[in-house]
Amino acid sequence: MDKVLFLATTALEEFWDEGADEIIFLTEGAKLYSCRHYWENLDFVDAPYIWSSSAYKAEAFEECQHVYDFFLSLVAEELNSYHKVDKDKEYYRVLLGEWLFRFIQILYDRYFSLETAFSKYPDLTTYLLDPKQEYIPDSGEDFFDRVKTDEYNIQLYSQILRIKENSFPIRRLSRVLKSTRVIHNDSNSLRSFLKWAISRLMLKFSARPYTLLCNAYFGKSSLMKILKLFFSSRRQIVLNDMEGKIVLPKEIDYEYRIKDILKNSYCSPFEKVVSKLVFCNLPIVYLEGYSSLLKSVRRQKVNPPPLCIYTANALQNNIILKAYIAEYRKSLYISCHQHGGGYGIDQVASGEYYERSIVDHFYTWGWEDGPASSYLPPPRDNIRWRPNHNKPYILLVMTALPRYVDVLKANTSSNDFLYQYINLTKRFIASLSIPFTLKVRFNKDDLGWSVEERLGELNGIVWEKDNHSKVFLEVLQHCELFVVDHFMTTALESLGNEVPTVVFFNPKMYLFKEEAKKLIHKLRLVGIVHDTPESAARHISSISSNINAWWLREDVVAARVKFVKKYAKFDKDWVKYWADQISPIERNL
């Protein structure tokens, strides 16, 4: 009798066949550490991992760009027909946000992971989700939340396998995803009400023309910063976070969604998958809820309208602003501001690619790559490093990434997060010998990796958990040394604030742009960046008796300053820069 090989695509044990001769786990995300006592006793192997090469990720990202551009035209045409409107392709590039681009990237991962598994194990069997339990996200933001879950991923894998015409058995979820059919783009807090009241007064007394400021990442004392900016810009910069509630219709047009809408609109098997699944998963707000979205835009009553709009991250998560820009794009000057560490540094950066494709100008933390980009300091107060010598501690900050790939990027994701991230950090802690407390600050959302529990396996190693009672910058301000196990935003914030910093990561897991690579190498030469956790631990142990002597060494200062000037140039006088650069009159718009 032939051996029964079963493919476990997610961590949902109700979709596993424990009676199979062998389980093939498609991804490490399907093996929850908290459930290891169950699956460790099964006969299992892991399917081949397709993302071991950063170069392959870059190639896949480029292919997804081409597929995205092709399908954006098709989706735009179809939505025009459905809504009986005549909008151009760029309208939908703004309106759909990053949803379509990332949806294609996610399908790329799911499709080719399945292809690779079935190529190695042709006789695999698995369970598919009952189509009656499929979930349609309310918005792009809802989709990005749901795609981190096992329930939505069993849906995606099932949809792809049905297209391959595999007649696998059907199973039902015991806990289905549910929607409220309401998009809350607002808050009921007193602070939110005060911001709304201030924004209405600003609009009433604003100069003409003016710049509308939406989601600017002000952090602490945001109301005072907003007022200071308003008057410093001679009333040309006005706050409006475009808040509101969108009530979506309960009825879903299933008949339309399951039709082969983009029939024959593909040139490859992967494009066939995209063509058949894009409308099955299209967020409700773009189809059945489109008229409700436009009503929310009209309720904003932005009168007089702005000449310019500035935002940091609203193009990612504010559906009302995106709809407003899409509707009035031809009369608006749009600028966006870097809001993460990978911008300008990583070769593969989905958010940067999307944002820069729709704005007129992109502001950075120091780097420039043409006339459409320039430096603008982020709106934050620089901290002054003041280590707590009474209770000295080294601060180690960890991150968490989804168990399922939710965007293509060169650094760690999915399986890499376990093998090239968590395990490296365990090695670092095990190698460390210091006279201080090691304080570990975990990501607030563990995303199912059980990172804290995994670190607890380190017998005899003492570390203290940071409880998040203080914001990151405040904890950073009082540490003896900041250590980070990934090269992202927190590393830049620490370096930009002149806090002694050590960063370690596997360089094979990153794909930096050439100029960034050179400056990062200079950081490596002076002990700030390390390629192995053991190297970082040895270096920290060697400087622990006098961290300041190392940090203030001439070559260390020179390497840090060169890097910071390009990628983390913060300035306490940021208001002056903003008043000069964002104000429409000052920009001669």
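Because the structure is predicted, anything quoted here is derived from the model rather than measured. (Residues numbered from 1 in each chain as written. Predicted model: local features only at pLDDT ≥ 70, side-chain atom pairs only at ≥ 80, totals over all residues. Heavy atoms only, no water.)

A. Structural detail: the overall build of the protein. In terms of regular secondary structure, the protein is built from 23 helices and 19 strands. Against the compact-globule benchmark of 25 Å for 589 residues, the protein has a radius of gyration of 25 Å, which places it among compact chains. Seen through its principal axes, the protein has C-alpha atoms that stretch 70 × 65 × 45 Å. Burial analysis of the protein (589 residues in total) assigns 60% to the buried set. Partitioning the contacts of the protein with sequence separation of at least 6, the portion at a separation of at least 24 is 78%. Looking at charge distribution, the protein has the averaged site of its 76 positive side-chain charges lying 7 Å from that of its 74 negative ones. (Helix = DSSP H or I, 4+ residues; strand = E, 2+ residues; numbered from the N terminus. Rg over C-alpha atoms; globule rule 2.2 N^0.38 Å. Buried < 20%, exposed > 50% of the residue type's maximum accessible area, 1.4 Å probe, protein only. Contact = heavy atoms within 4.5 Å. Lys, Arg positive; Asp, Glu negative; His and termini not counted. Charge placed at Lys NZ, Arg CZ, Asp CG, Glu CD.)

B. Highlighting unusual backbone geometry. The residue after Arg208, namely Pro209, is reached through a cis peptide bond having omega 0°. Locating Pro209 in the fold gives a position in the loop between α7 (190–205) and β7 (211–214). For the bond from Asn303 to Pro304, the omega torsion is 5°, close enough to zero to count as cis. Mapped onto the elements, Pro304 comes out in the loop between α11 (290–298) and β10 (308–311). Unusually for a residue other than glycine, Lys84 sits at a positive phi of about 55°. Relative to the elements of secondary structure, Lys84 occurs in the loop between α2 (54–83) and α3 (89–95). Under the relative-accessibility criterion, Lys84 is labelled exposed at 74%. Located in the positive-phi region is Arg234, a residue other than glycine, with phi close to 60°.

C. Region of interest: the pairing of strand β2 (residues 22–25). Alternating positions in β2 separate into two faces, Glu22 and Ile24 on one and Ile23 and Phe25 on the other, with burial throughout. Two elements, strand β1 (residues 5–8) and β2, share four bridges in a ladder whose sense is parallel. When the sheet's bridge partners are listed, Leu5 is paired in β2 with Glu22. (Pairing = 2+ DSSP bridges.)

D. Local environment of the state of the cysteines. In the structure shown here, the tally under the stated rule is zero disulfides. Of all cysteine sulfurs, the one in Cys267 lies closest to Cys64, which takes part in no disulfide; the gap is 15 Å. Given the relative accessible area of 0%, Cys64 is considered buried. With no disulfide partner, Cys280 has as its closest neighbouring cysteine sulfur the one in Cys64, 19 Å distant. (Disulfide = S-S within 2.5 Å.)

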